[in-house]
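Residues per chain are reported as follows:
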Amino acid sequence: MNLLIYLRDVSPKKIKIAGIYYGMLEASRELKYAPVVNLSEVMNVNSWISGAYSFMEFGNAYKIASLIDSQTAISEPKRISTPLIGFTEAKNLNHLSELENQVHKMQILKNTAGLPTIAKMVIDPVVGTFLKSVKLNEGKFKHSDFQYQLAIWQYNNHNYAAAYISLNEAILTRACELCEFDSSDFYERENMKVVFRWARGVPGMEAKLKELALLEYVQSCADRSTMKYYADLYHKVSKNRNAIAHSIKDGNGCVINTVKNMIRDLDTFIQQYKDKL
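Notes on the structure in this doc start here. (Residues numbered from 1 in each chain as written. Predicted model: local features only at pLDDT ≥ 70, side-chain atom pairs only at ≥ 80, totals over all residues. Heavy atoms only, no water.)

## Remarks on the state of the cysteines
Phase 1 of the analysis: Evaluated as defined, the whole model comprises 1 disulfide.
Phase 2 of the analysis: You can see Cys176 has no disulfide; the closest cysteine sulfur is in Cys179, sitting 8.3 Å from it.
Phase 3 of the analysis: On the basis of relative accessible area, Cys176 is assigned to the buried category, the value being 0%. (Disulfide = S-S within 2.5 Å. Buried < 20%, exposed > 50% of the residue type's maximum accessible area, 1.4 Å probe, protein only.)

Right under this line is the structure:
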């Protein structure tokens, strides 16, 4: 059986296993014939287990979606598989707004009525656990909350580069929501970056905020210490994020930070963000 699984899942050759049958010769003395048992369902169960593992470890739902589409017992399988594929594609790009949109669509998977038992055994604990870990809300901070929870899920699944991006965007989004900037608008987010530089005391930024007619408004929506907290955290996370993306080196030609330090820092940054909630 293990060899067949290897040939199907690992071998570069495209091998399709049509069926697995076992002749029960040991029963022939009693029955006067040898029953032939179809063991193909064992391979089907293994496929679902493989799909569950791919989603749990990597957020890859292609296998589960394909299995759902192949189940003739499921009414309208595309209704269930489409959001899974949409989520996986958005996750592979780390497209945060589309990820949030797809997680909304995945709420349909909380209702597994009508699905085969094996599908329920995978979707309920595996996909259901993910949906609980990135709970959606409709409050003022709904977008930053989602991005923060996504960063934690990515960190726990060792997808550290994506977690850095999600946390970085969560910090900026949170500040935008705090001051009621449109967090989905590029120019509003760029204005918030100016606010961050002002909060950190970067020369010329107060004049820049006056030019944008934002200084008095920003001072009224949040105290400078709060903005400085988010600005400092954003600056530290961005520094590591840029070092990861561009292998930035210091004056001695050494990479700014080591991999282990960056992972350790990420855990610290996530906790620092949580402390301000």
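More follows now that the structure is in view.
## Considerations on the packing of helix α3 (residues 40-58) against helix α4 (residues 62-70)
Phase 1 of the analysis: The geometry of α3 relative to α4 is characterised by a closest axis approach of 7 Å and an angle of 145° between their N-to-C directions. Contacts between α3 and α4 pair Asn44, Ser47, Trp48, Ser50, Gly51, Ala52 and Phe55 from the former with Lys63, Ile64, Leu67 and Ile68 from the latter.
Phase 2 of the analysis: Residues of the contact of α3 with α4, tallied by class, amount to 6 nonpolar, 4 polar and 1 charged. (Axes fitted to C-alpha atoms, helices over the stretch in contact; angles between N-to-C directions. Helix = DSSP H or I, 4+ residues; strand = E, 2+ residues; numbered from the N terminus. Contact = heavy atoms within 4.5 Å. Nonpolar A, V, L, I, M, F, W, Y, C, P; charged D, E, K, R; others polar.)

## Re helix α10 (residues 186-199)
Phase 1 of the analysis: Under the 1.5 Å per step criterion, the end-to-end length of α10 is 20 Å for 14 residues, consistent within 8% with the ideal 20 Å.
Phase 2 of the analysis: Taken together, the buried positions of α10 are Arg189, Asn191, Met192, Val194, Val195, Phe196, Trp198 and Ala199.
Phase 3 of the analysis: One side-chain oxygen of the residue at the start of α10 lies 3.0 Å from the amide nitrogen of Tyr187, identifying that residue as Asp185. (Expected span 1.5 Å × (residues − 1). Polar contact = N/O pair within 3.5 Å; in protein donor to acceptor, adjacent residues only side chain to side chain.)

## Thoughts on helix α9 (residues 160-178)
Phase 1 of the analysis: For α9, which comprises 19 residues, the first-to-last C-alpha distance of 27 Å matches the rise-based estimate of 27 Å (1.5 Å per residue) to within 8%.
Phase 2 of the analysis: Buried residues dominate α9, accounting for 15 of its 19 residues.
Phase 3 of the analysis: Immediately downstream of α9, the backbone of Glu180 shows phi near 60°, a positive value.

## Points about the environment of Asp223
Phase 1 of the analysis: In this fold, Asp223 is placed in the loop between α12 (215-221) and α13 (224-246).
Phase 2 of the analysis: In the structure, Asp223 is positioned 23 residues away from Arg200 in sequence and 13 Å away in space, judged by C-alpha atoms.

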